[in-house]
Structure formats: C-alpha cells, structure tokens
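Fold and contact review
So the chains spell out like this:
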Amino acid sequence: GVDSLVRVTPSMLKEKNGRKGKPAWSSYQGKVYNMTPYLPFHPGGEGELRRAAGKDGTKLFMEVHPWVNWENMLGDCMVGILVSEEQAVP
Ligand code: HEM
C-alpha cells in the first residue's frame, strides 16, 4: 500500500544521482524509481537515461517518447513517491 512507500524529497532524490557508486533514482509523474538495474537495458542508451538521474525525468521522457509505458516496464523498480521538502517524514 501507499504507506509502505518511501517519501522522497527533491533533495533526497538529488543525492541518488548515479555517480560515485550511488544508485540512479529518477522520478516520473510523482513516482520515484531506482533506475540502476534498468540502465543497461534502455533502448536509447545508458547515457541518455542518466541525464535524468537524481531528478525528475518526466519532461525529458515526454520530449523523446511519450508513447512508452514506463509504469509497466519499471514497476519492480519503484521505490517511493515524490513529496515536497516539507512533507518529509519527521
Ligand atoms: C528509446 C524506455 C527514459 C531517451 C527508448 C525506448 C524505450 C525507452 C522503450 C524505445 C522506444 C521506441 O523504440 O519506440 C525508457 C524508459 C525510461 C526512459 C522506461 C524511463 C522511465 C528516457 C529519458 C531519455 C530517454 C529520460 C532522455 C533523456 C531515449 C532515446 C531513445 C529512447 C534518445 C532512442 C529513440 C530512438 O531510437 O529514436 N526508451 N526511456 N529515455 N529513449 Fe528512453
């Protein structure tokens, strides 16, 4: 359920930028995914996908391939939901 999801703030997301051994997290329409396991499988290449690491990738995604159903593809990689800094768990 929604209560078991990690509440991820933009500053937490920014930390998971995929550099220096850190995981690459990205948010898409309010949902946060660990992209690391998917990186080698992205048909557009790992480098393109990494451009969205540590941030919201919705705009980049929609510019390139709005028809792709990422929710089907990344279901198992979902780690949480994006919340504002104020909504972080105390
Ligand atoms: C191609 C998935 C994020 C750039 C593709 C394709 C899929 C895919 C399935 C093949 C599409 C097709 O042939 O119709 C995903 C998923 C993403 C993601 C699941 C994250 C949820 C991104 C992002 C970028 C990007 C953030 C850009 C910064 C590209 C490019 C191609 C591509 C350039 C190649 C298009 C071409 O061959 O003409 N991606 N993508 N993707 N993707 Fe992504």
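Up top is the structure these notes are about.
Read on for an overview of the structure.

Rules used throughout
- Residues numbered from 1 in each chain as written.
- Predicted model: local features only at pLDDT ≥ 70, side-chain atom pairs only at ≥ 80, totals over all residues.
- Heavy atoms only, no water.
- Donors = N, O, S within 2.8 Å, 3.2 Å for Na, K, Ca; no water.
- Tetrahedral: all angles 85-135°; square planar, octahedral: opposite > 155°, others 65-115°.
- Helix = DSSP H or I, 4+ residues; strand = E, 2+ residues; numbered from the N terminus.
- Buried < 20%, exposed > 50% of the residue type's maximum accessible area, 1.4 Å probe, protein only.
- Near = heavy atom within 4 Å.
- Polar contact = N/O pair within 3.5 Å; in protein donor to acceptor, adjacent residues only side chain to side chain.
- Nonpolar A, V, L, I, M, F, W, Y, C, P; charged D, E, K, R; others polar.
- Contact = heavy atoms within 4.5 Å.
- Pairing = 2+ DSSP bridges.

1. Observations concerning the coordination of the iron atom of the ligand
The protein atoms that coordinate the iron atom of the ligand are H42 (NE2) and H65 (NE2), at distances spanning 2.0 Å. Each of the six donor atoms around the iron atom of the ligand contributes to a set of angles spanning 88 to 179°, which defines the coordination as octahedral. Taken together, the residues H42 in the loop between β3 (31-34) and α2 (46-50) and H65 in the loop between α3 (58-64) and α4 (70-74) connect sequence positions 23 residues apart. Comparing H42 with H65 shows no difference in burial state: the two are buried.

2. Side note on the site of the ligand
The local shell around the ligand holds 19 residues, among which H42, E48, L49, H65 and W67 are the closest. Here a nitrogen atom of the ligand sits 2.8 Å away from a polar atom, N or O, in the side chain of H65. For the ligand, an oxygen atom lies 2.9 Å from a polar atom in the side chain of W67. Among the residues making up the shell around the ligand, the classes are represented as 14 nonpolar, three polar and two charged.

3. A look at the side chain of T9
Relative to the assigned elements, T9 resides in the loop between β1 (6-8) and α1 (10-15). Those residues within four positions of T9 in sequence are excluded, and the remaining contacts are L82, V83, S84, E85 and A88.

4. With respect to the environment of S11
One can find S11 in helix α1. Taking the relative accessible area as the measure of exposure, S11 reaches 40% and is therefore partly exposed. Here the alpha-carbon distance between S11 and M62, two residues 51 residues apart in the chain, equals 23 Å.

5. Details of unusual backbone geometry
The backbone of K20 shows a phi angle near 50°, a positive value even though the residue is not glycine. In this structure, K20 sits in the loop between α1 and β2 (25-28). Relative accessible area serves as the criterion here: at 83%, K20 is assigned to the exposed category. The phi dihedral of Q29 is positive, around 45°, even though this residue is not glycine.

6. A look at the sheet that holds β2
Paired through their backbone hydrogen bonds, the strands of a sheet run either parallel or antiparallel. Read across the open sheet, the five strands follow the order β1-β5-β3-β2-β4; overall the sheet is mixed. Edge positions in the open sheet fall to β1 and β4 (55-56), since each of these has one partner strand only. Note: β1 against strand β5 (residues 78-82), three bridges, orientation parallel. Bridge pairing in β5 links V6 to G80.

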